[in-house]
Structure formats: C-alpha cells, structure tokens
Amino acid sequence: MDRSNGSKSNNCYLWRHMLKARFNISILFILPIIFLASCKVMLPEGISPDSWYISEDQKVAIRFETAKQGEYVSLDRALSPPKPFRHSRLGKVSKLKLSGGPDFKGQFNVYYDRFIIANKDKSQGFRQYITRVFPGPPYRYTEPITNDIVMEEVMYGSAPGFYESKTIEKRPDMSYTKVIFEVAGDISTSIFSSDIPLHMDIYQPLGDTQINRPLIVLLHAGAFIVGDKRDELVSMLAQDYARKGYVVASVNYRLGYVFLPGRYSNLERAMYRAVQDTRAALRYLSHHKDTYRIDPDMIFLGGNSAGGITSLNTTLMDEPEVWSSSRGSILRMQSDLGCLDCSTNDLRGPFTIRGAINMWGAVHTLDIIQEHDQTPLLLIHGNKDEIVPYHFDYPFTNVSGVVSAFFSNKIHGSSSILEHTRTLGMEHSLYTFEGMGHEPHFGDDNLIDSLVYKTIHDEILGFISEELFPTIDPVYGPEIVTPNSPPANYTIETQNYNHYHFECDHCLILNETPNSARIVWIKGEEAYPLRVAGTGSHGQVTVDSLLILPESHK
C-alpha cells in the first residue's frame, strides 16, 4: 500500500473540512451583522425633521425629533399636550409606537409632501403640515416695497391761458415775496395764448404688478403765477410715496393773472382755472385707470400753498358754488370759463376724492364747506405764516396789510377752517408747526429741512392710511381654551377686508379659509398670540393679534 498517496488524500480532506468549518463560522458572524444593518433605524429619506405630519383619519399629528423618536399631539381637542412616540424598524417594516395612542406598522413610503405606512391589511397616510402663506413685510403703502421707481410725463389736456410752468431760481438773497411780485409784474404785460398744453408726471414703483392701486395727486406752490410739477417738495413726496406702492401724479395747472389793484376777480379766475385743470387731470387718470392700474374711487388730492388752495377748492366746490367771476364779463373783457368740467379735455372718467391735504393753503370763503362735504381734510400750517394766514386775514401781510387789501380779500387759513368744520360736526386733522411761517420745510439756507420734511411726509401718510386701512373685522372664537373642548374655530365676517390669514406659534391650523381657521393649541405655553392679517382690494395689509389663554390662566 502506498501510504504516501493516502497521506496526501487525508491531508486534502482535512484541509477541505477545516476551510468549510471556517466558512460556516464566518457566516455565523456575518449574518447577524447583515441582519442588524438591515434593521438600522434611519430617518426615511424625504421626511423633514421638526415638521409636523397630520393624519386626518386618526386625528393625530406627529413630528420626528430624531430617526428613533419624536412627539405627537391629538387633533380632537383645543388644547392638546404633546406625547412621545418611538420609531423602530425590522427589515423593510417600520413601526411608530405612540405613547397612549395608536400604533402604525408597515412599509414606509415617502412622497412629495406626505408619507404612507402600508401593510397587507391597510394603509395610513400623513400629510405634511403646511399653512397658507402669511403676508409679511414690507407692507405696501406704509413702507417702501422697492427703491426703484419710474416717472412718465404725459399731456392730459390743453386750454387758453398764460403758461403752465414758471420755475424760479433759488438764491439765498431772493425772498419768496419778492419773486412773486417780480413775476406778477411780468404777467401784467403778457397776453393769452390760444392753447396751452398741460402736463403731469406720473410716478410708479418699478416692476409693480399690483392692480387697483390708490392714487395720490399733488399740486405745487407758487401763488398761481409761478411753480412747476417738479417742485422740490412735491417731487420728494411723489418719489417716496411711489416707493411705497402708490401711483402718484404731480400736475401742472394754468398759471398767471393780471395783477391789478381792486381786481380780485383776476386772482379768483386764476384759482378757478387751476380747479378746472385739476379736475381734468383727475378725469384723465380715471379714463386711463387700466393703463396705470389705479382705483379712481381711491384718490387723495393734496398740495402746498397755491396747491393747497386748489386741493381744497377742487374737493369742496360744487357747481352751484362756482364763483361769479368765472363767468364772462364784457366790461372786464373776460371770457366765460365754463363749468367745473367744461375745460382742458373732454374726458368723462368718474373719480372720487377720498381725502384732501392742505399744506399752508386757505379758502376765500367758509361757505364752500357745507355739512354734506364729508371728505376728510388734513390741514398742515405754520401758525406764524404771513403769506397765507393761519387764521383769517389778508395774504402777504409780511409786505403790508394795507397793500395786500388792494389786491386780495381776506382768506381763511387752516385754523379758521378747522373751527368752522367742527361747528358742522366734522372732525378733521390739523398739524401746526409752532412758531414757523410759510413753506416751513425750507430752512434759512433754502434747503429742505429733513426733520420738517419727515413730519410732513408722515402726517400725510398717516392721514391716507386712516382711509385706506380700516380696522380689522372682529374675530369670533374662544379666547380661553381647554383640553376638554374640541378644536377651536375662529371666524371673521369679512367687511373691511376681502380675506384674512391666520398665523400662530405652538399650534396647528387644521383648516383655513379666507375668513376662518380651526386650531389645535399645543399645551405648555402661558399664552398663545393668534396673528391675523387682513388683505384688502388694493393690496393693503393690516396685521393684528388676539391673545389666547389656556384654561389654567382663566
């Protein structure tokens, strides 16, 4: 017998046996590792940590804090305490074990904004908690929505007159009164032209897509003989308000009149032509409301000095109150200026002035203000104004009251207007610049004082906001919530605003409509602010809050 061959055969057998044994032992170690790896608990891909997921059927909302655990709340009560849950996984099967609540077991499938746990018996869906977008700043009409604006000059009509614009050089040694009288002397020697083209500048926020925007129309100063639509104050206001989302028009109107002693009617006719032109500009803007995306029933008209006078007359004057001096006179060689809407253009666009701003202007008679004139007025005036009186007096008393009486009648300034409107039961606003005179925004260096300008800007903005931003409608719903009551319903009867948005912390808004919300408050806070935002037809937003208290704070 060849022992050497047998020995070799046995050796091979032993080696094979040893290798097989080692392989089996390796498998015993590897299989548990593979098995444990397959059971490793990981946050399913697509699940947003710290985001709530809601099951409508089971009336629970869960939130993963880690891959293995999180918290849940019941959705069948107004005040719900958070409770823990655990997430485990065996192979492809996940299990959510809710402490004191239902368990969910099955294969975890994640979609865009939801996930489903499905097994052979049933499937349970959870949607990601997403609420309607709550309007955030910047809020249009109260703060800038852009730094970029666009300005367009348009011709809105034409009419017989002297001229539409006469700018004056700003010099430290040139007083306002001296400029007026120098120009007035030139006017007395000029003649009427056949037709004067009249223009306005229209300012808008660049790239704005909002429709149905409110309109601010501004009129410059100049005693009806000088001035231009690009007056420094008017231009600054126009640009600032356009940045806040308004459409703003700065309007040129006909200037000039023959400056003769005893001929006050000449000044009246100049004021009347300014009213006609302003109304024509408003008709033009209303006619082109779609082009400029404006609401012709939400117009605010304002101006400084002569512009303030024109704003008041345009707002308050009705056809029966038109001055007799506007009619033709053969003796005075004056033509009939026509009715209020019988000049400058033949457009018929309707409009509504919702508020008038008078900056250091006046009216020549209080009879123009009747009880039916309910348009709100904002009056801004320096109580030491000697050019347009703060009370009832002649204009230009800084020159001479006696001289002024030859050219003008006494007029009623802002204080006199306010006193009269109060006797009629009207509550208008008056801001007085104490100890300041005419054009209070100009400092001694003929530059605009930034603090005075800000006051003017803010007073006008606040005045407009009173009309544009009504109060939020009442919110109906529980202000004290308990764990034993059903989810809290909050509703609003929409009257002042088109629709509402709701927002809160430590809560879940289950359902939200344009005027209601059903809310579960998560127990653990001392108080819960419920924020409400009303959105109007002009894109304006008002935000208010209601404080909700848990039962223990009753």
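Since this is a predicted model, take the numbers as computed values, not measurements.

Student: Looking at this structure, I do not really get helix α3 (residues 232–243). What am I missing?
Tutor: An α-helical turn contains 3.6 residues, so a residue and the one three or four places further along point in the same direction. Look at α3: 17 Å from first C-alpha to last across 12 residues, which is about the 16 Å you get at 1.5 Å a residue. Looking at α3, one finds that the buried residues are Leu-233, Val-234, Ser-235, Leu-237, Ala-238, Tyr-241 and Ala-242. Of the residues that open α3, the one with a side-chain oxygen 3.0 Å from the backbone nitrogen of Leu-233 is Asp-231. Downstream of α3 by one or two residues, Gly-245 has phi in the positive range, about 110°.

Student: I keep staring at the pairing of strand β5 (residues 83–90) and nothing clicks. Help me out?
Tutor: Inspection of the sheet shows strand β3 (residues 69–74) paired to β5 by four bridges, in the antiparallel sense. Each residue of the ladder has a partner; that of Glu-71, found in β5, is Pro-84. As paired strands, β5 and strand β6 (residues 93–98) are joined by six bridges and run antiparallel to one another. Each residue of the ladder has a partner; that of Phe-85, found in β6, is Leu-98.

Student: So what exactly am I meant to see when it comes to the packing of helix α4 (residues 264–287) against helix α6 (residues 306–316) here?
Tutor: In a pair of packed helices, the angle between the axes and the distance between the axes together describe the arrangement. Between α4 and α6, whose axes approach to 9 Å, the crossing angle comes to 70°. On the basis of their axis angle, the class for α4 and α6 is roughly perpendicular. Like other packed secondary-structure pairs, α4 and α6 cross with a definite hand, here right-handed. Residues Met-271, Ala-274, Val-275, Thr-278, Arg-279 and Leu-282 of α4 lie in contact with α6, whose contacting residues are Ile-309, Thr-310, Asn-313 and Thr-314. Along the lines of polarity and charge, the residues of the contact of α4 with α6 split into five nonpolar, four polar and one charged.

Student: Explain the packing of α3 against helix α9 (residues 450–468) to me, please; I cannot follow it from the model alone.
Tutor: α9 packs onto α3 with a crossing angle of 55° between their chain directions and a minimal axis gap of 11 Å. Relative to α9, the element α3 lies oblique. For the element pair α3 and α9, the recorded crossing hand is right-handed. Between α3 and α9, the residues in contact are Leu-233, Met-236, Leu-237, Asp-240 and Tyr-241 and Tyr-453, Ile-456, His-457, Ile-460 and Leu-461, respectively. Its residues assigned to classes, the contact of α3 with α9 comprises eight nonpolar, one polar and one charged.

Student: Looking at this structure, how should I read the nonpolar core?
Tutor: Of all hydrophobic cores here, the largest spans 63 residues; its most connected members are Met-200, Val-217 and Phe-224. Element by element, the count of residues in this core is highest for α4, at 12 residues. Discounting residues that sit within four places of it in the chain, Val-217 has contacts with Ala-249, Val-251, Leu-282, Leu-285, Ile-299, Phe-300, Leu-301 and Gly-302.

Student: Just checking my understanding: could you explain α6 for this structure?
Tutor: α6 sits mainly inside the fold: 11 of its 11 residues count as buried. Buried within α6 we find Ala-306, Gly-307, Gly-308, Ile-309, Thr-310, Ser-311, Leu-312, Asn-313, Thr-314, Thr-315 and Leu-316.

Student: Where do I start with the side chain of His-441 in this structure?
Tutor: Position of His-441 among the secondary structure elements: in the loop between β19 (429–433) and α9. Contacts of His-441, omitting those with residues within four sequence positions, involve Leu-233, Trp-360, Leu-447, Ile-448, Asp-449, Val-452 and Ile-456.

Student: Would you explain the sheet that holds strand β9 (residues 123–128) in this entry?
Tutor: In a beta sheet, neighbouring strands pair by backbone hydrogen bonds and run either parallel or antiparallel. If you trace the eight strands once around the closed barrel, you get β1-β2-β3-β5-β6-β7-β8-β9, paired in antiparallel fashion. Within this sheet the neighbouring strands show an average axis-to-axis angle of 35°, counted without direction. As paired strands, strand β7 (residues 103–110) and strand β8 (residues 114–118) are joined by four bridges and run antiparallel to one another. Residue pairing for β8: Val-110 is matched across the bridge by Phe-115.

Student: Quick question: what am I supposed to make of the side chain of Gln-276 here?
Tutor: Checked against the element boundaries, Gln-276 lands in helix α4. For Gln-276, a relative accessible area of 0% puts it in the buried group. At 3.4 Å, the side chain of Gln-276 forms a polar contact with the side chain of Arg-254. Setting aside its immediate chain neighbours within four residues, Gln-276 contacts Arg-254, Leu-337, Gly-338, Cys-339, Leu-340, Ser-343 and Thr-344.

Student: Any chance you could explain the environment of Ile-54 here in plain terms?
Tutor: Summarising the element assignment, Ile-54 is placed in strand β1 (residues 52–55). On the basis of relative accessibility, which here comes to 1%, the residue Ile-54 falls in the buried class. As a C-alpha pair, Ile-54 and Phe-126 span 72 residues in sequence and 5.0 Å in three-dimensional space. The residues contacting Ile-54, other than those within four sequence positions of it, are Val-60, Ala-61, Leu-75, Gly-125, Phe-126, Arg-127, Tyr-129 and Leu-510.

Student: What exactly am I supposed to notice about unusual backbone geometry here?
Tutor: Glycine aside, residues mostly have negative phi, and peptide bonds are mostly found in the trans state. Omega for the bond connecting Pro-137 with Pro-138 falls within 30 degrees of zero, at 5°, which places this linkage in the cis form. With respect to the helices and strands, Pro-138 occurs in the loop between β9 and β10 (149–161). Unlike most non-glycine residues, Tyr-141 shows phi in positive territory, near 80°. In this fold, Tyr-141 is placed in the loop between β9 and β10. Judged by its relative accessible area of 0%, Tyr-141 is buried. Despite not being glycine, Ser-305 shows a phi value in the positive range, around 60°. Ser-305 gets classed as buried once you look at its relative accessible area, which sits at 3%.

Student: Any chance you could explain the packing of aromatic side chains here in plain terms?
Tutor: Each aromatic ring pair is summarised here by two numbers: the centre-to-centre distance and the angle between the ring planes. Following the criterion strictly, the structure yields 14 aromatic pairs and no others. Relative to Phe-126, the ring of Phe-104 has its centre 5.3 Å away and its plane inclined at 85°; by these criteria the two rings are edge-to-face. Within this pair, whereas Phe-104 is found in strand β7, its partner Phe-126 is found in strand β9, the two being separated by 22 residues in sequence. Arranged with centres 6.3 Å apart and planes meeting at 70°, the rings of Tyr-241 and Tyr-246 form a pair that is edge-to-face. A relative accessible area of 0% means that Tyr-241 is categorised as buried. You can call Tyr-246 buried: its relative accessible area is 0%. One aromatic cluster in this structure is built from Tyr-53, Phe-64, Phe-85, Phe-104, Phe-108, Phe-115 and Phe-126.

Student: Can you walk me through the pairing of strand β2 (residues 60–64) in this structure?
Tutor: Consecutive side chains of a regular strand alternate in pointing toward one face of the sheet and then the other. Taking burial as the measure, the five residues of β2 include four buried ones, the bulk of the element. Sheet topology note: the β1/β2 ladder contains four bridges and is antiparallel. If you follow Tyr-53 over to β2, its bridge partner there is Ile-62. In sequence, β1 turns back onto β2 through a hairpin of four residues, with Lys-59 there showing a positive phi of about 55°. Two strands pair when backbone bridges link them, and β2 and β3 are joined in this way by five bridges, in the antiparallel orientation. Directly across from Phe-64, in β3, lies its bridge partner Gly-70. Counted along the chain from β2 to the antiparallel partner β3, the turn is four residues long.

Parameters at a glance
- Residues numbered from 1 in each chain as written.
- Predicted model: local features only at pLDDT ≥ 70, side-chain atom pairs only at ≥ 80, totals over all residues.
- Heavy atoms only, no water.
- Helix = DSSP H or I, 4+ residues; strand = E, 2+ residues; numbered from the N terminus.
- Expected span 1.5 Å × (residues − 1).
- Buried < 20%, exposed > 50% of the residue type's maximum accessible area, 1.4 Å probe, protein only.
- Polar contact = N/O pair within 3.5 Å; in protein donor to acceptor, adjacent residues only side chain to side chain.
- Pairing = 2+ DSSP bridges.
- Axes fitted to C-alpha atoms, helices over the stretch in contact; angles between N-to-C directions.
- Parallel < 35°, antiparallel > 145°, perpendicular 65-115°, else oblique.
- Left-handed = near helix turned anticlockwise from the far one by under 90°.
- Contact = heavy atoms within 4.5 Å.
- Nonpolar A, V, L, I, M, F, W, Y, C, P; charged D, E, K, R; others polar.
- Core = buried A, V, L, I, M, F, W, Y, C linked by side-chain atoms within 4.5 Å.
- Phe/Tyr/Trp six-rings, centres within 6.5 Å; stacked < 30°, edge-to-face > 60°.

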